[in-house]
Amino acid sequence: MSAVAAADARRYEEAVAAVAGGADPRAEAAALVAAMTEDERLGCLDGDLPFWAGLTHLGQGGYHRKTFPAAAVPRLGVPGIHFSDGPRGVVIGPATAFPVSMARGASWDPDLEERIGEAIGRELRAVGADLFGGVCVNVLRHPAWGRAQETYGEDPLPVGELGAALARGVQRHAMACVKHFAANSMENARFKVDVEVDDTSLHEVFLPHFRRVVDEGVACVMSAYNAVNGEWCGQHAGLLTGVLRDEWGFDGFVISDWIFGLRDAAPSLAAGLDVEMPYRMIRAGGLPAALEAGEVTWGQVDRAVENVLATRLRFEEVLRRERPDPGVLAGEEHRALAREAAQASIVLLRNEPVDGVAVLPLPADLDTLAVLGRLADVPNLGDGGSSDVWAPTVVTPLAGLTEALPGVEVVHDAGLDPEAAAVVAAAADVAVVVVGYTRADEGEFIGTEGTAHLGALFPGPDDPDLADAFAADLAADPGPEPPASRQGVEDQGFAEGGDRASLRLSGEDEALLAAVAVANPRTVAVVVAGSAVLVEGWIDAVPAVVQAWYGGMEGGHALADVLLGRVEPRGRLPFTVPTDEAHLPPFDRDADAVTYDQWHGWWRLLRDGHRPRFPFGFGLAYTDLGLADASVAEVDDGWEVSALVANTGDRPADDLVLVHGRADEGDRARLLAFGRAAVLAGSSAEVRLSVPRNRLARRVDGAWVLTPGERELVVGRHLGDPGARRLRIEIR
């Protein structure tokens, strides 16, 4: 190596050392960019892999085998970024599969989510990735959204707090990316739909959670596929520059969603998109001509590259810590955390007495337990798209209950014949029926329908040198093979997924529940789903119902823990379950255009006077809980609410407290604060909740306005809690 080449190869290390010594990362990034050739700078604006060879590898399970690199400049020693997805765990190799995000949303526990983020961050680094693409915070506008399971709920406040907690945990080890910016909440039409939304609704409903994660210091933002008000999000200057950088002060970098995340090379760069992921595709073919024609400038190129390099430099101290041993992947500590998360997520929705005794927890003198349903003994971790995790083992509901009850006869029937299943149920002390969905019913849309219009975006043949280098890399290191739990079970590519066709259970599941409930009065329905399920038509016949979500690799153990009362049910719904789908916003999964407003979820039902089947924040316990008292005091930056939760039963519990209010008389009610209280049997516990002043501001004419006057705060255990306390505050 010549002296000049050796000096060039040290350039990035010198920048790292300078930043460690207190230099400005952006100034060091600018100096690195100035040392790059034009081709090197352009090469930083998209993924480092060839399109056609990369796409083939993707369809063969490549998403689970290798990181996706971008913005590397070997001549200068610039390592670039190395992406792996989420959010229910690291998707490369056999790793810990945590419960899906919606399940974790039901925990209402940012501290737990931060610990999950730390675990994911460790596993991310163990597989050689440094950018985690799994902080998904799009609000749940409608439960039919196929990707509902990847977010935390229907309200921007808990979605933002939990997303910030996940990012905070991950970024103790790596960089995190928040997605999909913005107004992304439907799957089948995601490549064509234009979301029309007014400024107030956009900023009060569809953006606050993104801002919360940005304020937490997240390294990266991923744009969405859909258009907003007539412009594709991947080239939307109003969002990527006007809101994200100018208004919020974001100082990280922006990447596109994958493959079809932008439509035009020059507008995407001008708008503020830094990197097209994950292949050499639209920009590689379009930017050179756009630069020559003056449609974009080299200054805009440099700005994008600087954004990536400055962020990487800021994180180098974290990224250079010793990489965890691969044994951390699905190791004992992380499995225990996955089990804890699944326990915290399970929501007890119904628990009626039979012969004077509540069905749950299951009695200690149980002799025979029937576990029924087609989902009772199959690994069912959820979506089969980009969030899919290769869990080395998966504890099913049947396996969890069988292991937890060594002295009990546990009988299984797949429930394909409801009458036969009813016979099995009748002979048991209790019947547990597992019903719900799989990746075939809901998930990220990976189908071909509705994408024909995108064919013109495909590039020409791969650059031969790039393709050869990629092939050589795969030959040298093909990446991990799927674990035994996945081998021979299904194709290792993506499941088609998509939006749900219905919010009800399948006819087969409802028929099974009906038959079993008649045969055995002590029937428990375990609902597996990524969001709300309509229960009308069968719930009155079933005395006990729990929502168990896609509970992760330890979900079966967690379910047994809760059903047996070894752990108290502490999950609370992060959305509203209506009695009728007509009470929700219209949902056309094939729409070309849709209008979003402020009215979905609990706000819509409250506005229209519809009583939900299960309200926002609802969940039962195995004891008697109530709100004993509440008070409010003004503090420097807002108000502090103190709530006293009383437990008059004979078991300990962990309960949720919510604070609602309105910014002014014309405002919809909004969630202002939430927190949890652990309460011993026969005791009470205080929870203190902070209500910052800015949570009572309105978006008016492009600015945030706080209107003086008196306001009412409602403090309760869930929306519509009959025991809620009402407090008065004064906005000055």
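Residues numbered from 1 in each chain as written. Predicted model: local features only at pLDDT ≥ 70, side-chain atom pairs only at ≥ 80, totals over all residues. Heavy atoms only, no water.

**Student:** Please explain the packing of aromatic side chains as it appears in this structure.
**Tutor:** The relative placement of two aromatic rings is captured by the distance of their centres and the angle of their planes. Taken as a whole, this structure holds 21 aromatic pairs when the rule is applied. Here W52 and F458 contribute two aromatic rings whose centre-to-centre distance is 5.6 Å and whose plane-to-plane angle is 45°, an arrangement assigned as tilted. Linking W52 in helix α5 (residues 51-59) with F458 in the loop between β17 (430-436) and α18 (464-476), this pair joins segments that are 406 residues apart in sequence. Residue class for W52 comes out partly exposed when judged on its relative accessible area of 35%. We classify F458 as partly exposed; its relative accessible area is 34%. Taken together, F51, W52, F191, Y225, F260, Y279 and F458 form an aromatic cluster joined through their ring pairs. (Phe/Tyr/Trp six-rings, centres within 6.5 Å; stacked < 30°, edge-to-face > 60°. Helix = DSSP H or I, 4+ residues; strand = E, 2+ residues; numbered from the N terminus. Buried < 20%, exposed > 50% of the residue type's maximum accessible area, 1.4 Å probe, protein only.)

**Student:** When you look at the pairing of strand β23 (residues 653-661) in this model, what are you seeing that I'm missing?
**Tutor:** The side chains of a regular strand alternate, first on one face of the sheet and then on the other. With nine of nine residues buried, β23 lies mostly within the body of the structure. Here β23 shows no split at all, with A653, D655, V657, V659 and G661 on one side and D654, L656, L658 and H660 on the other all buried. With nine bridges connecting them, β23 and strand β24 (residues 670-679) associate as antiparallel partners. Paired with D655 across the strands is A677, a residue of β24. Note: β23 against strand β28 (residues 709-716), four bridges, orientation antiparallel. Considered in β28, the bridge of V659 is made with V715. (Pairing = 2+ DSSP bridges.)

**Student:** When you look at the sheet that holds β24 in this model, what are you seeing that I'm missing?
**Tutor:** If you trace the four strands from one edge of the open sheet to the other, you get β24-β23-β28-β29, paired in antiparallel fashion. The open sheet terminates on both sides in strands that have one partner only, identified here as β24 and β29 (725-731). Between one strand axis and the next, the sheet turns by 25° as a mean value, whatever way the strands run. (Axes fitted to C-alpha atoms, helices over the stretch in contact; angles between N-to-C directions.)

**Student:** Honestly, the nonpolar core in this entry has me stumped. Any pointers?
**Tutor:** A general tendency of soluble globular proteins is for nonpolar side chains to be buried together. F68, F83, V135, F181, I255 and W258 are the most contacted members of the largest nonpolar core, which has 131 residues in total. Among the elements that line this core, the one with the most residues is helix α14 (residues 298-319), at nine residues. Beyond its immediate sequence surroundings of up to four residues, F68 is in contact with L49, L58, G62, Y63, I81, H82, F83, W258, M277, P278 and Y279. Formed by 73 residues, the second largest nonpolar core is a distinct cluster that contains A425, V524, V526 and A544. (Core = buried A, V, L, I, M, F, W, Y, C linked by side-chain atoms within 4.5 Å. Contact = heavy atoms within 4.5 Å.)

**Student:** Just checking my understanding: could you explain the pairing of strand β3 (residues 81-84) for this structure?
**Tutor:** Where strand β2 (residues 68-70) and β3 come together, three bridges link them in antiparallel fashion. Bridge assignment links F68 to a residue of β3, and that residue is F83.

**Student:** I'm lost on the sheet that holds strand β8 (residues 227-228) in this one. Help?
**Tutor:** Sheet strands associate in pairs through backbone hydrogen bonding, adopting either a parallel or an antiparallel arrangement. Taken together, the four strands give an open sheet; going across it, the order is β9-β8-β6-β20, and neighbouring strands pair in mixed fashion. Only two strands of the sheet have a single neighbouring strand rather than two, namely β9 (231-232) and β20 (593-596). Sheet topology places strand β6 (residues 194-197) next to β20; four bridges connect them, and they run parallel. Each bridged residue has a counterpart across the sheet, and for V197 the counterpart in β20 is Y596. Of the strands in this sheet, β6 and β20 are in contact with helix α9 (residues 199-206), which crosses β6 at around 100°.

**Student:** Sorry if this is basic, but what is going on with the pattern of salt bridges here?
**Tutor:** Any two side chains of opposite charge can pair if their charged atoms end up close together. Counted by the stated rule, this structure contains 64 salt bridges. For R699, the salt bridge identified is with D199, shortest N-O distance 3.0 Å. Taken together, the positions of R699 in strand β26 (residues 698-700) and D199 in helix α9 put the pair 500 residues apart, joining distant regions of the chain. When its relative accessible area of 5% is taken as the criterion, R699 is described as buried. One salt bridge connects R698 with D664, and the closest N-O pair in it is separated by 3.3 Å. (Salt bridge = Lys/Arg side-chain N within 4 Å of Asp/Glu carboxyl O.)

**Student:** What should I look at first to understand the packing of helix α17 (residues 418-426) against helix α19 (residues 507-519) in this one?
**Tutor:** Helix packing geometry: the angle between the two helix axes and the distance between the axes. Look at α17 against α19: their axes get within 8 Å of each other, and the N-to-C directions meet at 35°. Once α17 is placed against α19, the crossing between them reads as right-handed. Residue-level contacts link P418, A421, A422, A425 and A426 of α17 to A511, L512, A515, V516 and A519 of α19. Residues of the contact of α17 with α19, tallied by class, amount to ten nonpolar, no polar and no charged. (Left-handed = near helix turned anticlockwise from the far one by under 90°. Nonpolar A, V, L, I, M, F, W, Y, C, P; charged D, E, K, R; others polar.)

**Student:** Looking at this model, I keep getting lost on unusual backbone geometry. Mind explaining?
**Tutor:** A negative phi angle characterises most non-glycine residues, just as the trans form characterises most peptide bonds. With an omega dihedral of 15°, the bond running from G86 to P87 counts as a cis peptide bond. The omega torsion of the bond from M277 to P278 falls at -5°, within 30 degrees of zero and hence cis. Topologically, P278 is positioned in the loop between α12 (265-271) and β11 (279-280). Of note in the backbone geometry, D355 takes a positive phi value of approximately 55° without being a glycine. The backbone of W549 sits at a positive phi, close to 60°, despite the residue not being glycine. Here W549 is to be found in the loop between β19 (544-547) and α20 (555-563). Overall, W549 belongs to the buried group, its relative accessible area being 1%.

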